[in-house]
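The chain contents come next:
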Amino acid sequence: MIPEGTQPPGWVPFLFSHAIKQLLLRYLGMKRNKVLIVYTGGTIGMVQDENGSLHPFALDRIYDAVPQLKSCQYGIDSITLPSIIDSSCMTPSMWVNIAEIIEREYDRYDGFVVLHGTDTMAYTASALSFMFKNLDKPIVFTGSQLPLGMLRSDGRENIICALEIASTRLVTIPEVCIFFESHLYRGNRSTKINAENFDAFESYNYPSLAKAGINISFKEHLFLPMPTEPLQVRKKFDTRVAILKLFPGIGPEIVNSVLHTPELQGVVIETYGSGNAPTDEWFISALDDAIRRGIIVLNVTQCKAGSVKMRQYAASCDMDRIGVIGAGDITIEAAIAKMMCLLGEYPDDKAHVKMRLSQSLRGEITE
Ligand code: ASP
């Protein structure tokens, strides 16, 4: 035992561990981290031709559009989806295409950047978060409000930061995220809030995972935990689902036409406030009948922030009694993607799907 008074001051072990860390980083630095860009389309992927019109660019021209990438410290490869789309044309089968590329290349890269249109980015990021179980590398979605080919494009900044985050050695982000206008958000917590401004995304119910300023400051305590099991990728979606948004004046014709959609398996109802809905007899019995026919009914609030709290008001007690599931503070994008994914994965086990819908699978619900 070292006698008291002869112990080294507290900063000595710190300096020592710091020196080891620096040496390790230098050693690791010999091998560059590698990032794969998966290019799906969207505004970001457009350049102006000599006549000034915008058109999608081939990703091999990315260094022309973002010359700063030539001097970056990590390796970049890219893959383009067979058809480059406006993300309003996104489909679950394209989610599977993106996931299959990442799954195939998973061991060869340290992180992935998905270039995607902003309109449905939150849906795709949510879907991928549920598809990838035990993810231990970052998948960072980004895009832009102005095309890369335009002088004031926000795309350059977004793509450079997204690549930096996907390749960083400072932290490991085992999550599907969205980087936009200096913030890194959890993908399944994000929502597009602005069709005009550069800060187009927000995550109302969960803080951002990192902020890019002079440095990128990571909030590691907010990351999902590192998995201990091997990666699994789920690729089945059941699209026999619907979203029913309530409004004052909604009548039985609309509600019943949705709930009697042939083959419907699940419906997300967008309710008011903390999960409230009309208490009219016709409404509750329409939902009750649907639930008895095996349709899953999930309660998500129309509010951007805050949570469904079943039974907080009398206006949600009947729904709770008949078996409507409260989905907490999940976003509508994450709710519908999660429902399709769980129904696809467990087609014969509705009880299991219901149970998982009320729980957080990838940090999409505050528990
Ligand atoms: N309509 C475009 C898309 O989502 C918008 C964008 O990328 O910002 O593909």
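Now for a look at the structure at hand. (Residues numbered from 1 in each chain as written. Predicted model: local features only at pLDDT ≥ 70, side-chain atom pairs only at ≥ 80, totals over all residues. Heavy atoms only, no water.)

1. Things to note about the overall build of the protein chain
Within the protein chain, the regular secondary structure consists of ten helices and 18 strands. Looking at the 367 residues of the protein chain, the share that counts as buried comes to 51%. The long-range share in the protein chain, meaning contacts at least 24 apart out of those at least 6 apart in sequence, stands at 73%. For the protein chain, the accessible area works out to roughly 17,600 Å², and carbon and sulfur atoms hold 54% of it. (Helix = DSSP H or I, 4+ residues; strand = E, 2+ residues; numbered from the N terminus. Buried < 20%, exposed > 50% of the residue type's maximum accessible area, 1.4 Å probe, protein only. Contact = heavy atoms within 4.5 Å. Areas by Shrake-Rupley, 256 points an atom, 1.4 Å probe, with all protein chains shown as cover.)

2. Focus: the site of the ligand
With respect to spatial proximity, the complete set of residues near the ligand consists of Gly-42, Thr-43, Asp-86, Ser-87, Gly-117, Thr-118, Asp-119, Ser-144 and Gln-145. In the model, a nitrogen atom of the ligand is placed 2.8 Å from a nitrogen or oxygen of the Asp-119 side chain. Ser-144 is positioned such that a nitrogen or oxygen atom in its backbone is 3.2 Å from an oxygen atom of the ligand. Computed on the free molecule, the ligand has an accessible area of 260 Å², of which 89% lies beneath the protein chains in the complex. Of the residues assigned to the shell around the ligand, the class counts are no nonpolar, seven polar and two charged. (Near = heavy atom within 4 Å. Polar contact = N/O pair within 3.5 Å; in protein donor to acceptor, adjacent residues only side chain to side chain. Nonpolar A, V, L, I, M, F, W, Y, C, P; charged D, E, K, R; others polar.)

3. Observations regarding the environment of Asp-320
For Asp-320, the location among the structural elements is in helix α8 (residues 317–322). The spatial distance from the C-alpha of Asp-320 to the C-alpha of Asn-299 is 9.6 Å, given a sequence separation of 21 residues. Apart from the residues within four sequence positions on either side, Asp-320 is in contact with Met-310 and Arg-311. Separated by 2.6 Å, the side chains of Asp-320 and Arg-311 make a polar contact.

4. Some remarks on the sheet that holds strand β17 (residues 296–301)
Adjacent strands of a sheet pair through backbone hydrogen bonds, lying either parallel or antiparallel. The strand order β15-β16-β17-β18 describes an open sheet built from four strands, whose pairing is parallel. With partners counted over all chains shown, the strands left at the sheet margins are β15 (241–245) and β18 (325–326), one partner each. In terms of strand pairing, strand β16 (residues 266–271) meets β17 through six bridges, oriented parallel. Bridge assignment links Ile-269 to a residue of β17, and that residue is Asn-299. Seen against the sheet, helix α9 (residues 332–345) touches β15, β16 and β17 and runs at an angle of roughly 165° to β16. (Pairing = 2+ DSSP bridges. Axes fitted to C-alpha atoms, helices over the stretch in contact; angles between N-to-C directions.)

5. Some points on the environment of Phe-218
Relative to the elements of secondary structure, Phe-218 occurs in strand β13 (residues 216–218). Given a relative accessible area of 19%, Phe-218 falls into the buried group. Setting aside its immediate chain neighbours within four residues, Phe-218 contacts Ile-165, Thr-168, Val-171, Ile-173, Leu-209, Ala-210 and Phe-223.

6. Observations regarding the environment of Ile-101
Checked against the element boundaries, Ile-101 lands in helix α3 (residues 92–105). Taking relative accessible area as the criterion, Ile-101 reaches 9% and is therefore assigned buried. When the C-alpha atoms of Ile-101 and Thr-80 are compared, they prove to be 9.9 Å apart, with 21 residues separating the residues in sequence.

7. Looking at the layout of surface pockets
The probe, sized like a water molecule, is rolled over the atoms to show the empty space still left. By volume, the largest pocket amounts to about 640 Å³. Along the walls of the largest pocket sit 25 residues, with Gln-73, Tyr-74, Glu-164, Ser-167 and Thr-168 positioned nearest its centre. Contributions of two or more residues to the lining of the largest pocket are made by α5 (155–167) and β13. Ranked by residue count, the leading element in the lining of the largest pocket is α5, at six residues. When the residues that make up the lining of the largest pocket are grouped by side-chain class, the tally is twelve nonpolar, eight polar and five charged. In this structure, the second largest pocket occupies an estimated 290 Å³ of space. (1 Å grid on protein atoms, 1.4 Å probe; cavity = no way out; pocket = protein on both sides within 12 Å on 5 of 7 lines; lining within 4 Å. Points joined across faces, edges and corners; volume = space filled by probe spheres on them.)

8. Details of the pairing of strand β1 (residues 34–41)
Among the eight residues of β1, seven are classified as buried, and the element is accordingly described as predominantly covered. Across seven bridges, β1 lies against strand β4 (residues 75–85) in parallel orientation. Following the sheet pairing, Leu-36 is matched in β4 by Asp-77. Here five bridges tie β1 to strand β5 (residues 111–115), and the two strands are oriented parallel to one another. Along β5, the bridge assignment pairs Leu-36 with Phe-112.

9. Here's the deal with the packing of α3 against helix α4 (residues 121–131)
Between α3 and α4, the shortest axis-to-axis distance is 10 Å and the interhelical angle comes to 55°. In terms of orientation, α3 lies oblique with respect to α4. Relative to α4, α3 is oriented so that their crossing is right-handed. Contact with α3, carried on its side by Trp-95, Val-96, Ile-98, Ala-99 and Ile-102, involves Tyr-123, Thr-124, Ala-127, Leu-128 and Met-131 of α4 and no other residues of that element. In terms of residue class, the contact of α3 with α4 is made up of nine nonpolar, one polar and no charged. (Parallel < 35°, antiparallel > 145°, perpendicular 65-115°, else oblique. Left-handed = near helix turned anticlockwise from the far one by under 90°.)

10. Quick notes on the packing of aromatic side chains
Applying the stated criterion to the full structure yields five aromatic pairs. Note on Tyr-106 and Phe-112: the rings are 6.1 Å apart at their centroids and 10° apart in plane angle, and the pair reads as stacked. You'll find Tyr-106 and Phe-112 in the same group, each marked buried. Measuring from ring centre to ring centre gives 5.6 Å for Trp-282 and Phe-283, while their planes differ by 85°; the resulting arrangement is edge-to-face. The exposure class assigned to Trp-282 is partly exposed, which follows from its relative accessible area of 26%. (Phe/Tyr/Trp six-rings, centres within 6.5 Å; stacked < 30°, edge-to-face > 60°.)

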